[in-house]
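Architecture at a glance
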Amino acid sequence: MYDFSADMTDCAQAVELALAERLSIATLSGPGPVAERLVAAMRHGSLEGGKRLRPLLLRQAAAIFNVPMQQALTAGLAVEMVHCYSLIHDDLPAMDDDDLRRGRPTVHKQYDEATAILAGDALLTEAFALLADPQCHPDPAVRIALVTELARGSGGGGMVGGQMRDIEGEAGGFSGHDIATMQAMKTGALIRASVRMGAILGGADARALAVLTAYAEAAGRAFQLADDILDVTASAATMGKATGKDAALGKQTLVTTLGVDGARGHLNDTVATALSALRTFGPKADGLRATARYFASREN
Ligand code: GRG
């Protein structure tokens, strides 16, 4: 019987251990020795905290195809590094200007802005070095497919482009469609890439990949809806970051247009869409099913 809580804890522990090992002076040094301050800032922005949901989704998708755990973990680390870089940069004064992340000072507060920018840059770069490493997958064609997927999900047509649209939207005038596009890119694209990378590691055929993509897109919408609801309903202590930011910035979300109850109803419908996409898969997709349900019930 699948146990979501055990799966999530096990994944988070594995990611924490592997990240701590990878983000070391020995591993990060290139033609020259990496600066100790840079490594410390990268570790501050990546270790101790974080639900590690993207590596979890990746390994749950990979589990459908019996991918070895080590391969799923290596690719999951790459996604988590991109995620942590995005949070470090998102917290900067030029972006969301936050002091608190995962219950601790943000990287630019603990160090300084320049160090935070560089720590994010180095995490992003290291993510692609990980995917290029044969421990990720013995077949170079699979590794290239993973690099392409992560680049698409995190770049101008994905997460970074979504962040740009979000900033543009602060001026107002966004339609419901504009908000949905921005959110699908800013938050959804990396979640989509995570699931698809698990499928790519498993050699999924085009049909399975399409089904998992449909799941991932709905799961990404559910994750973002939950985040928008929690921004209104949860405390900063529970979230480990400032809340009430959307309203303070006058940002439009589905909560502003539908209200909290309307948004909750929409969240439940979106989770149902994610689950129905998986109907052709048997119990091997129970992990992905449980994570979509968790998105509707999470409290932080
Ligand atoms: C600055 C390049 C760049 C991108 C920023 C991800 C992102 C794009 C901004 C983060 C701002 C934000 C709060 C987005 C909402 C969704 C989100 C990514 C929440 C945080 O993800 P969790 O809940 O965080 O998975 P943990 O801490 O558990 O890893």
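Before reading further, recall that the structure is shown in the block above.
Since the structure is predicted, the reported quantities are computational estimates derived from the model, not experimental observations.

Quick look at the overall build of the protein
Helix and strand counts for the protein stand at 15 helices and two strands. Its C-alpha radius of gyration of 18 Å places the protein within 12% of the 19 Å reference for a compact globule of 300 residues. Overall size of the protein, expressed as C-alpha extent along the three principal axes, is 50 × 50 × 35 Å. In the protein, buried positions account for 51% of the 300 residues. Partitioning the contacts of the protein with sequence separation of at least 6, the portion at a separation of at least 24 is 72%.

Some thoughts on the site of the ligand
Taken together, 21 residues lie around the ligand, and Lys51, Arg54, His83, Asp90 and Arg102 are the ones closest in. Between the ligand and His83, the relevant distance is 2.7 Å, taken from an oxygen atom to a side-chain nitrogen or oxygen of the residue. For the ligand, an oxygen atom lies 2.7 Å from a polar atom in the side chain of Arg102. Protein contacts shield 93% of the accessible area of the ligand, which totals 700 Å² for the unbound molecule. Its residues assigned to classes, the shell around the ligand shows six nonpolar, seven polar and eight charged.

What about empty space enclosed by the protein?
Counted under the stated rule, the structure contains one cavity of 30 Å³ or more. Quantified by volume, the largest cavity comes out at close to 100 Å³. For the largest cavity, the full set of lining residues is His44, Gly45, Cys84, Leu87, Ile88, Asp91, Arg101, Arg102, Arg104, Pro105, Thr106 and Val107. The leading source of residues in the lining of the largest cavity is helix H5 (residues 69-90), at three residues. A per-class count over the lining of the largest cavity returns five nonpolar, three polar and four charged.

So, the side chain of Ser194
Tracing the chain through its elements places Ser194 in helix H10 (residues 176-201). Residues contacting Ser194, with those up to four places away along its chain left out, are Arg54, Leu57, Leu58 and Val79.

Some points on the layout of surface pockets
Looking at the second largest pocket, its volume works out to about 410 Å³. If you go around the second largest pocket, you meet 23 residues; those closest to its centre are Ala180, Gln183, Ala184, Met185 and Arg221. Contributing elements (two or more residues each) for the lining of the second largest pocket: helix H8 (140-154), H10, helix H11 (206-233) and helix H14 (254-277). No other element matches the ten residues that H10 contributes to the lining of the second largest pocket. Residues that form the lining of the second largest pocket fall into these classes: eight nonpolar, nine polar and six charged.

A short note on the environment of Asp139
Among the secondary structure elements, Asp139 is positioned in the loop between helix H7 (113-132) and H8. A residue is classified by how much of its surface remains accessible, and Asp139, at 33% relative accessible area, is partly exposed. Only 2.9 Å separates the side chain of Asp139 from the backbone nitrogen of Ala141, close enough to count as a polar contact.

Details of unusual backbone geometry
One non-glycine residue, Glu48, lies in positive phi territory at about 55°. Despite not being glycine, Arg102 shows a phi value in the positive range, around 50°. If you trace the backbone, Arg102 turns up in the loop between strand S1 (100-101) and strand S2 (104-105). With a relative accessible area of 19%, Arg102 lands in the buried category.

What about the packing of aromatic side chains?
This structure, assessed with the given rule, holds three aromatic pairs. A ring pair is formed by Phe223 and Phe295, whose centres lie 5.3 Å apart and whose planes are at 70°; its orientation type is edge-to-face. Taken together, the positions of Phe223 in helix H11 and Phe295 in helix H15 (residues 286-297) put the pair 72 residues apart, joining distant regions of the chain. Phe295 matches Phe223 in its accessibility class, with the two residues each being buried. Summarising the aromatic geometry, the rings of Tyr294 and Phe295 are spaced 6.3 Å apart at their centres and angled 55° between planes, so their arrangement reads as tilted. Accessibility assignment for this pair places Tyr294 and Phe295 in one class, buried. By the ring-pair criterion, three or more aromatic residues cluster together here, those being Phe4, Phe223, Tyr294 and Phe295.

Reading the values: the criteria
- Residues numbered from 1 in each chain as written.
- Predicted model: local features only at pLDDT ≥ 70, side-chain atom pairs only at ≥ 80, totals over all residues.
- Heavy atoms only, no water.
- Helix = DSSP H or I, 4+ residues; strand = E, 2+ residues; numbered from the N terminus.
- Rg over C-alpha atoms; globule rule 2.2 N^0.38 Å.
- Buried < 20%, exposed > 50% of the residue type's maximum accessible area, 1.4 Å probe, protein only.
- Contact = heavy atoms within 4.5 Å.
- Near = heavy atom within 4 Å.
- Polar contact = N/O pair within 3.5 Å; in protein donor to acceptor, adjacent residues only side chain to side chain.
- Areas by Shrake-Rupley, 256 points an atom, 1.4 Å probe, with all protein chains shown as cover.
- Nonpolar A, V, L, I, M, F, W, Y, C, P; charged D, E, K, R; others polar.
- 1 Å grid on protein atoms, 1.4 Å probe; cavity = no way out; pocket = protein on both sides within 12 Å on 5 of 7 lines; lining within 4 Å.
- Points joined across faces, edges and corners; volume = space filled by probe spheres on them.
- Phe/Tyr/Trp six-rings, centres within 6.5 Å; stacked < 30°, edge-to-face > 60°.

All quantities given are derived from atomic positions and should not be read as evidence of function.
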